[in-house]
Amino acid sequence: MSEVKLAAAVRTEFGKGAARKIRRSGNVPAVVYGHGSEPIHITLPTHQTTLALRTPNVLLSLDIEGKGSELAIPKAAQRDPLKGDLEHVDLLLVKRGEKVTVEVPVVAEGELAAGGNLLEHVLNTLSVEAEATHLPESVTVSVEGLEAGASVTAADIALPKGVTLVTEADAVVLQVLAAQAEEPAAEGAEGDEAAAEA
């Protein structure tokens, strides 16, 4: 996993007005916490931060003015509900060699058995523990040839070396559903005819 370097400035002004001013200047307010230290309120460049957050569990190398360099991973990002613009970021301090628990997206690949079956994602992510500087971006599971009624549990998914499953092993992640027959629509049509006759 590559590190993304971001320059961070320490924030001294707080509140909605200050946050709007920060966003207008092309930055986004953020808070860095962890390791029992006091939270550090910072600003990050919006464009570079938005690009970095496209990678799940990205490792950020923050160059915080007056405080040196810190490693962090994103924990939460608030976005404008209409525009989708980044409004605030929560970051967790990590150290090299430290194990952290993160949510990792599950990616299904392959074709289901013939017959118009549907793949349902019961869980979109798995909770895993891994070394902070080697967090997986996603885990991939093959659904090649699976038929209706088949399911994939968390334990069935191969994890990269050094990654431990935190999600319950028997939790269903994916399941294959049979294609719905057209009968319900036909029953509705018969009911309409009966109503028309009455």
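1. Some remarks on the sheet that holds strand 13 (residues 172–177)
Taken together, the three strands give an open sheet; going across it, the order is 8-13-11, and neighbouring strands pair in antiparallel fashion. Looking at the sheet topology across the chains shown, the edges are occupied by strand 8 (118–121) and strand 11 (151–153). Across the sheet, the mean angle separating the axes of adjacent strands is 15 degrees when strand polarity is ignored. Looking at chain direction, strand 8 and strand 13 are connected through four bridges and run antiparallel. Of the residues in strand 13, the one forming a bridge with H121 is L174.

2. Notes on the environment of A7
When you line up the elements, A7 lands in strand 1 (residues 3–10). The exposure class assigned to A7 is exposed, which follows from its relative accessible area of 53%. Measuring from C-alpha to C-alpha, the distance between A7 and I42 comes to 9.8 Å, with 35 residues separating the pair along the chain. Setting aside residues up to four positions removed in sequence, A7 forms contacts with T43, L44, P45 and D63.

3. As for the nonpolar core
Judged by nonpolar contacts, the single largest core of 23 residues is most densely connected at I73, L126 and I157. When contributions to this core are tallied by element, the ones reaching two or more residues are strand 5 (68–79), strand 6 (86–94), strand 7 (99–109), strand 9 (125–131), strand 10 (139–142) and strand 13. At four residues, strand 7 tops the list of elements feeding residues into this core. Not counting residues within four places of it along the chain, the set of residues in contact with L126 comprises V102, E103, V104, V106, V139, A154, I157, L159, L165, T167 and V173. L6, V32, I64 and A72 belong to the second-largest nonpolar core, a separate cluster that totals 19 residues.

4. Considering the side chain of T43
Inspection of the secondary structure puts T43 in strand 3 (residues 37–45). Overall, the relative accessible area of 12% leaves T43 in the buried class. Non-local contacts of T43, meaning those with residues more than four positions away in its chain, are made with A7, A8, A9, R11, I22, N27 and V28.

5. Topic: the side chain of E131
Along the chain, E131 falls in strand 9. There is no salt bridge for the buried E131, and the closest opposite charge comes from R96, which lies 6.8 Å off by N-O distance. The contact partners of E131, leaving out residues within four places of it in the chain, are K95, R96, G97, E98 and K99.

Quick notes on the rules
Residues numbered from 1 in each chain as written. Predicted model: local features only at pLDDT ≥ 70, side-chain atom pairs only at ≥ 80, totals over all residues. Heavy atoms only, no water. Pairing = 2+ DSSP bridges. Helix = DSSP H or I, 4+ residues; strand = E, 2+ residues; numbered from the N terminus. Axes fitted to C-alpha atoms, helices over the stretch in contact; angles between N-to-C directions. Buried < 20%, exposed > 50% of the residue type's maximum accessible area, 1.4 Å probe, protein only. Contact = heavy atoms within 4.5 Å. Core = buried A, V, L, I, M, F, W, Y, C linked by side-chain atoms within 4.5 Å. Lys, Arg positive; Asp, Glu negative; His and termini not counted. Salt bridge = Lys/Arg side-chain N within 4 Å of Asp/Glu carboxyl O.

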